[in-house]
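Remarks on the overall topology
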Amino acid sequence: MFTGIVEETGTVLSITGDGISACLSIRADKVLEGTKIGDSIAVSGVCLTVTKLGTDYFTADVMAETLRRTALGELRTGSPVNLERALAAGDRMGGHIVSGHIDGTGKILSIRKEANAVWYRIGADASILRLVVEKGSIAIDGISLTVASVEDDSFQVSVIPHTREVTSLSKKETGDTVNLENDVIGKYVERLLHFDRETPAENKKGITMEFLAEHGML
């Protein structure tokens, strides 16, 4: 589990693979502290497992499913990536609950400055937007951000200078693709609300006297 509070911006050193899967080598500093092979690091919001450690880098394998669902396939040597180690017990929760399991990608439709903030409008599919709520949380490339507004085909976030400076957002341009992860609580709520209608009628037994007796409650 992560919080969406980026610890540092790393740099892609190399990308190897067969076009279906890949192995990333990423230059880093802070996230290497205390990290062991097998640990999880969120790379621009995608939870990856550390497979090799060097003094100033780590490597991680990326499977085909991850490349299909995320923007990692668009990375190139030299690309900046947001890095965050998995949350340790007792750590402060500075952002929101982020699983590192990307729901899909979005496209930056516009970037505009307003006083000390910068507004990003992100276009996304309906499957993403149905769980985006104004003043709710969303992770964009692993960054915990607050949704400022929601439209039919997009949503907007307003980013403070500090967040831009310590993340890859300062390097993003209109047309770039970003990883999106909806608020995990919202996803569970939606699933529970729709579970009853998705369950075949013959399996909808509910709580009956027979059910209670069968499970030793009577």
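This is a predicted model, so every value here is computed, not measured.

Summing up its helical and strand segments, the chain has 5 helices and 12 strands in all. Burial analysis of the chain (218 residues in total) assigns 39% to the buried set. At a minimum sequence separation of 6, the contacts of the chain that also span at least 24 residues come to 68%. A total of about 12,100 Å² of accessible surface is found on the chain, and carbon and sulfur atoms cover 53% of it.

This brings us to the pairing of strand S12 (residues 177-182). As a general feature of sheets, a regular strand has side chains that alternate between the two faces. Counting buried residues along S12, 6 of its 6 residues qualify, which places the element largely inside the surrounding structure. Side-chain alternation along S12 places Thr177, Asn179 and Glu181 on one buried face and Val178, Leu180 and Asn182 on a second face that is also buried. Summarising the sheet, strand S7 (residues 104-114) and S12 pair through 4 bridges and their orientation is antiparallel. Residue pairing in the sheet places Thr105 in a bridge with Asn179 of S12. As judged from the 3 bridges shared by strand S9 (residues 137-140) and S12, these two strands associate in the antiparallel manner.

Although it is not a glycine, Ala115 adopts a positive phi angle of roughly 55 degrees. Along the chain, Ala115 turns up in the loop between S7 and strand S8 (117-123). Its relative accessible area of 65% is what places Ala115 among the exposed residues. A positive phi angle is found at Asp141, which is not glycine, with a value near 50 degrees. Checked against the element boundaries, Asp141 lands in the loop between S9 and strand S10 (143-150).

Spatially, S7-S8-S11-S10-S9-S12 is the arrangement adopted by the 6 strands of the closed barrel, whose pairing is antiparallel. For this sheet, the mean angle separating the axes of adjacent strands, direction not counted, is 45 degrees.

What follows concerns the sheet that holds strand S4 (residues 46-53). The sheet built from 6 strands closes into a barrel, its strands ordered S1-S2-S5-S4-S3-S6 with antiparallel pairing. When strand polarity is set aside, the average angle formed by the axes of neighbouring strands in this sheet is 45 degrees. Of the pairings in the sheet, the one linking strand S1 (residues 8-17) to strand S2 (residues 22-27) comprises 6 bridges and is antiparallel in character. Looking across to S2, one finds that Gly17 is bridged to Ala22.

Right, let's talk about the layout of surface pockets for a bit. Which parts of space are left empty comes out when a probe the size of a water molecule is rolled across the atoms. In this structure, the largest pocket spans a volume of roughly 310 Å³. As for the largest pocket, its lining consists of 14 residues, of which Glu74, Leu75, Ser79, Lys172 and Thr177 are closest to the centre.

So, on to the environment of Lys52. On the secondary structure map, Lys52 appears in strand S4. Sequence-wise, Lys52 and Ile37 are 15 residues apart; in three dimensions their C-alpha atoms are separated by 6.0 Å. With residues near it in sequence (within four places) discarded, Lys52 still touches Ile37, Tyr57, Phe58 and Thr59.

This part takes up the side chain of Ser144. Its place among the elements puts Ser144 in strand S10. Among the polar contacts listed, one links the side chain of Ser144 to the side chain of His96, at a separation of 2.7 Å. In this structure Ser144 touches Thr3, Gly4, Gly95, His96 and Ile138, once residues within four positions along its chain are discounted.

Let us now look at a nonpolar patch on the surface. A cluster of nonpolar side chains, contributed by Met1, Met93, Ile97, Ile185, Val189 and Leu193, occupies part of the molecular surface with about 550 Å² of accessible area. Relative to the elements of secondary structure, Met1 occurs in the segment before S1. By relative accessible area, Met1 is classed as partly exposed at 46%.

Here is what the cut-offs are and how they apply
Along each chain, residue indices are assigned from 1 in the same order as the chain's sequence is written. Local features in this predicted model are restricted to residues of pLDDT 70 or higher, and side-chain atom pairs are both shown and tallied only at a pLDDT of 80 or more, whereas totals for entire chains, interfaces and linings draw on every residue. Side-chain calculation: all heavy atoms of the structure are included, whereas hydrogens and water are not. Counting from the N terminus, the helices are DSSP H or I runs at least four residues long and the strands are E runs at least two residues long. Throughout this description, buried means an accessible area under 20% of the type-specific maximum (1.4 Å probe, protein chains only), exposed means over 50%, and partly exposed covers the range between. Should any heavy atoms of two residues lie within 4.5 Å, those residues are considered in contact. The method behind every accessible area is Shrake-Rupley, applied with a 1.4 Å probe, and residues are considered shielded solely by the protein chains displayed. A strand pair is defined by DSSP finding two or more bridges across the two strands. A fitted line through C-alpha atoms serves as each axis, taken over the contacting stretch for helices, and the angle formed by two N-to-C directions is quoted from 0 to 180°. Definitions used throughout: a 1 Å grid over protein atoms alone; a cavity as a set of points that fits a 1.4 Å probe which cannot get out; a pocket as an open set with protein on both sides within 12 Å along at least five of seven lines; a lining residue as one with an atom within 4 Å of a point. Grid points are joined across faces, edges and corners, and a volume is the space filled by probe spheres set on the points. We define a polar contact as two N or O atoms separated by no more than 3.5 Å, with the added condition that, inside protein, one atom must be a possible hydrogen donor and the other a possible acceptor, whereas residues neighbouring each other in sequence contribute only through side-chain atom pairs. Each patch is built from residues lacking any salt bridge and having more than 30% relative accessible area; the joining distance is 9 Å for like charges and 5 Å for nonpolar side chains (Val, Leu, Ile, Met, Phe, Trp, Tyr). Between Lys or Arg on one side and Asp or Glu on the other, a salt bridge is scored when a side-chain nitrogen of the former is within 4 Å of a carboxyl oxygen of the latter.

These results come straight from atomic positions and should not be treated as a statement about function.
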